[in-house]
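Observations on chain architecture
Here's the letter readout for the chains.
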Amino acid sequence: MSLIVEVSGVCKSFGEHSVLAGVDLSIEPGAIVGLVGTNGSGKSTLIKCLLGLQQVDAGHVRLFGEDAWDLSAGAKARLGYVPQQVKLYPWMKAWQAAEYVGAFYEHWDRELVESLFDRWKLRRDAGVSTLSGGEAQKLGLIVALGHRPHLLILDEPAAAMDPSARREFTRTLLESVTPGQTVLFSTHILSDLESVATHVAFLQDGRIGCDLLSAANPRKNGPFKRQSASSPRGTR
């Protein structure tokens, strides 16, 4: 089975400050991977390297078998990304922003977008500039999910949401992700992993500190079990 994400020996420094010091990570189709680390551990830097937004100093990053720094248009069309701070055109209404993003994709699931607006109780006529941090994050998630990307990358996706909204987000994320779709999301809150992540990677001291772990339904199955990320959802 081809890897969706392949990170090998990745190093990244800013001046004399080393952020990533030999990161190795492999993700196969169908995994929902939680990237866990404290604030400042390098989660966002690693994600930006994955997306080709920052160039690595050493090692390599491949998405869909391509060099992340030189992704083809076809590979980029299979990606969805939500940063920590969502920035959309402030003069637009929420629905206009979604329609604007949708115009760039050949396969835009308008029915899914409509349902997410309703489920997250996000007003279509709300001005983007008037949205709270949590509402802006919801809108960012909606436009990232709208083209049903093969790989969805989320950087602290629920950080600005209250506890109730976080629970609703995790439930909706599970319902929105289709079999074979791959998700990588970063968080520093372990409770975000419950009932969502199939695997967990801990980033510490610039490295993935342990193998990927199975996190499927931890309440039912007990402590996380050591396991590779090669098993898609529904195969255990």
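As shown above, the structure is provided for reference.
Now for a quick tour of the structure. Keep in mind that what you see is a predicted model, and the values were worked out from it rather than measured. (Residues numbered from 1 in each chain as written. Predicted model: local features only at pLDDT ≥ 70, side-chain atom pairs only at ≥ 80, totals over all residues. Heavy atoms only, no water.)

**Let's talk about the packing of aromatic side chains**
- A full pass over the atoms with the stated rule returns five aromatic pairs.
- Ring centres of tyrosine 89 and tryptophan 91 lie 4.8 Å apart, and the angle between their planes is 35 degrees; this geometry places the pair in the tilted category.
- Consider the rings of tryptophan 95 and phenylalanine 117, whose centres lie 5.3 Å apart with planes at 65 degrees: the pair is edge-to-face. Note that tryptophan 95 is positioned in helix H3 (residues 94-102) and phenylalanine 117 in helix H4 (residues 110-119), a separation of 22 residues in sequence. (Phe/Tyr/Trp six-rings, centres within 6.5 Å; stacked < 30°, edge-to-face > 60°. Helix = DSSP H or I, 4+ residues; strand = E, 2+ residues; numbered from the N terminus.)

**Digging into the side chain of lysine 12**
- Take lysine 12: it is sitting in strand E1 (residues 5-14).
- With residues up to four places along the chain from it excluded, the contact list for lysine 12 reads His17, Ser18, Val19, Leu20, Thr45, Gln54, Gln55, Val56 and Asp57. (Contact = heavy atoms within 4.5 Å.)

**A short note on the packing of H4 against helix H5 (residues 133-145)**
- Packing of H4 against H5 leaves a shortest axis separation of 9 Å and a crossing angle of 160 degrees. Judged by the angle between their axes, H4 and H5 are roughly antiparallel. Crossing handedness for the pair H4 and H5: right-handed. Of the residues in H5, those touching H4 at Leu112, Val113, Leu116 and Phe117 are Leu139, Ile142 and Leu145.
- Looking at side-chain class alone, the contact of H4 with H5 contains seven nonpolar, no polar and no charged residues. (Axes fitted to C-alpha atoms, helices over the stretch in contact; angles between N-to-C directions. Parallel < 35°, antiparallel > 145°, perpendicular 65-115°, else oblique. Left-handed = near helix turned anticlockwise from the far one by under 90°. Nonpolar A, V, L, I, M, F, W, Y, C, P; charged D, E, K, R; others polar.)

**Quick notes on the layout of surface pockets**
- Reported here for the largest pocket is a volume of approximately 580 Å³.
- If you trace the largest pocket, you find 24 residues lining it, with Leu79, Gly80, Tyr81, Val82 and Tyr105 closest to the centre.
- Among the elements of the structure, strand E6 (79-82), H3 and H5 are those that each provide at least two residues to the lining of the largest pocket.
- Along the lines of polarity and charge, the residues of the lining of the largest pocket split into 17 nonpolar, four polar and three charged. (1 Å grid on protein atoms, 1.4 Å probe; cavity = no way out; pocket = protein on both sides within 12 Å on 5 of 7 lines; lining within 4 Å. Points joined across faces, edges and corners; volume = space filled by probe spheres on them.)

**Topic: the pattern of salt bridges**
- Tallied over the full model, the rule gives seven salt bridges.
- When the shortest N-O distance is used, the salt bridge between glutamate 156 and lysine 43 registers 3.7 Å. With glutamate 156 in the loop between strand E7 (151-155) and helix H6 (163-176) and lysine 43 in helix H1 (residues 43-50), this residue pair connects regions lying 113 residues apart in the sequence.
- Residue class for lysine 43 comes out buried when judged on its relative accessible area of 5%. (Salt bridge = Lys/Arg side-chain N within 4 Å of Asp/Glu carboxyl O. Buried < 20%, exposed > 50% of the residue type's maximum accessible area, 1.4 Å probe, protein only.)

Limitation: the analysis is restricted to geometry and does not speak to function.
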